[in-house]
Amino acid sequence: MNLISFIIPSRNNLKYLKQAYESIRENQSVEHEICIADDASTDGTAEQVLVWMKRDKNIKLHINKGPDRLGHTILYDTLINDYATHDRVMIFHADMILTPNSDKEIDKYLERGKVVSLTRIEPPLHPDGPEKILMDFGIEPEEFDEQELMNWLNSERDFQQSETTEGIFAPWAMYKDDFLAIGGHDPLYAPQSKEDSDIFNRFVLAGYDLIQTWKGF
């Protein structure tokens, strides 16, 4: 298994970040590196991450003391450039949960010149689309029904004929040197707005293959 550096900026999302962190630690096959940026949070994010770091040697923390936010457009690149120590990086949102063995699905397909995305399972908060699955396992952390999600993952599912399709959306993983080769995110879009569209277009222009796996969520 090739190790991954998970890249997670967070601003006042501690209750979600706790579940994100726990899902990476509990559901993956090895202990990957987790790089977290606290973007001038006021909810105790940095203090909580420092507690995790006392028992988890594979956490890195960057703190923007503020008072102004930098935004994840900037902080993704700060974490990748200055903190990530593995060859592979994964852009991961603080309000996501990683399902079991998704790292193995990334490992199946990720090579230099390729970007690999997992498939998102979302409650119906946003419009439907061909790149995701709309199912409601709870919106707030205190409502999240993990057992129902695991039951669904272990059931027979018939929503996608192909194991992979062409596409990209967070969470996505790639080689760090491929990311750096195109200059990372453009600070023009900071703190956040259209930065996904910009960098995805530049992946295409650079000739990178975009792969979405329908076996990891």
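Residues numbered from 1 in each chain as written. Predicted model: local features only at pLDDT ≥ 70, side-chain atom pairs only at ≥ 80, totals over all residues. Heavy atoms only, no water.

## Things to note about the nonpolar core
To keep it simple, the criterion reads: Among buried residues, the Ala, Val, Leu, Ile, Met, Phe, Trp, Tyr and Cys ones that are joined through side-chain atoms within 4.5 Å form a nonpolar core. Relative accessible area decides the class of each residue, using a 1.4 Å probe on protein chains only: under 20% of the type maximum gives buried, over 50% gives exposed, and in between gives partly exposed. Contacts are assigned to residue pairs that have any heavy atoms within 4.5 Å of one another.
In terms of nonpolar packing, the biggest core is built from 48 residues, with Ile7, Ile8, Trp172 and Phe203 touching the most fellow members. With residues up to four places along the chain from it excluded, the contact list for Ile7 reads Cys35, Tyr76, Leu79, Ile80, Ala84, Val89, Met90, Ile91 and Phe92. Core analysis: the second largest hydrophobic core is formed by eight residues, Ile133, Trp152, Leu153 and Trp214 among them.

## So, a negative patch on the surface
Selection criterion: What goes into a patch is any residue over 30% in relative accessible area without a salt bridge, connected to like charges within 9 Å or, for nonpolar side chains (Val, Leu, Ile, Met, Phe, Trp, Tyr), within 5 Å. To measure how exposed things are, a 1.4 Å probe is used in the Shrake-Rupley method; for residues, cover is taken only from the protein chains shown. Salt bridges are defined by distance alone: a side-chain nitrogen of Lys or Arg within 4 Å of a carboxyl oxygen of Asp or Glu. Asp and Glu are treated as the negative residues and Lys and Arg as the positive ones, with His and the ends of the chain left uncounted. All charge positions are set by atom: Lys at NZ, Arg at CZ, Asp at CG, Glu at CD. Strands are runs of DSSP state E lasting at least 2 residues, helices are runs of H or I lasting at least 4, and numbering of each runs from the N terminus.
Taken together, Glu22, Glu26, Asp136, Glu142, Glu143, Asp145, Glu146 and Glu148 make up a surface patch of like negative charges. Where the negative patch is concerned, the elements lending two or more residues are α1 (14-27) and α5 (146-153). For Glu148, the location among the structural elements is in helix α5. When its relative accessible area of 39% is taken as the criterion, Glu148 is described as partly exposed.

## Thoughts on the side chain of Ser117
Quick reminder of the rule: Polar contacts here mean pairs of N or O atoms no more than 3.5 Å apart (in protein, one a potential hydrogen donor and the other a potential acceptor; neighbouring residues in sequence count only if both atoms are side-chain atoms).
Position of Ser117 relative to the elements: it lies in strand β5 (residues 114-117). Residue classification places Ser117 among the buried positions, given a relative accessible area of 1%. Of the polar contacts made by the side chain of Ser117, one reaches the backbone oxygen of Phe169; its length is 3.3 Å. Residues within four places of Ser117 in sequence aside, it is in contact with Gly167, Ile168, Phe169, Pro171, Trp172, Ile211, Gln212 and Thr213.

## So, a nonpolar patch on the surface
A cluster of nonpolar side chains, contributed by Met1, Leu3 and Val30, occupies part of the molecular surface with about 220 Å² of accessible area. Locating Leu3 in the fold gives a position in the segment before β1 (4-10).

## Describing α1
Side chains three or four residues apart in an α-helix point the same way, a direct result of the helix having 3.6 residues per turn. Where we set the bar: Working rule for helices: expected span equals 1.5 Å times residues minus one.
A rise of 1.5 Å per residue sets the reference length of α1, with its 14 residues, at 20 Å; its end C-alpha atoms lie 20 Å apart and thus fit the reference within 8%. Along its buried surface, α1 packs onto β1, β2 (33-39), α2 (45-55), β3 (59-64) and α5.

## Considering the sheet that holds strand β9 (residues 172-175)
The condition is simple: What makes two strands pair is DSSP finding at least two bridges between them. Working convention: axes come from line fits to C-alpha atoms, limited for helices to the stretch in contact. Angles between N-to-C directions cover 0 to 180 degrees.
Read from one edge to the other, the open sheet built from eight strands follows the order β3-β2-β1-β4-β9-β5-β10-β8, with strand pairing classed as mixed. Unpaired on one side and paired on the other, β3 and β8 (164-166) mark the two borders of the sheet. Direction aside, the axes of adjacent strands within the sheet are offset by 25 degrees on average. Note: β1 against strand β4 (residues 88-91), four bridges, orientation parallel.

## Quick word on helix α4 (residues 102-109)
Using the following cut-off: Directions from the helix axis toward the C-beta atoms define the arc.
Among the residues of α4, Ser102, Asp103, Glu105, Ile106 and Tyr109 are the ones counted as buried. Take α4 and look down its axis: the buried residues cluster within an arc of 160 degrees, on one side only. On its buried side, α4 packs onto β1, β4, β5, β8, β9 and β10 (209-213).

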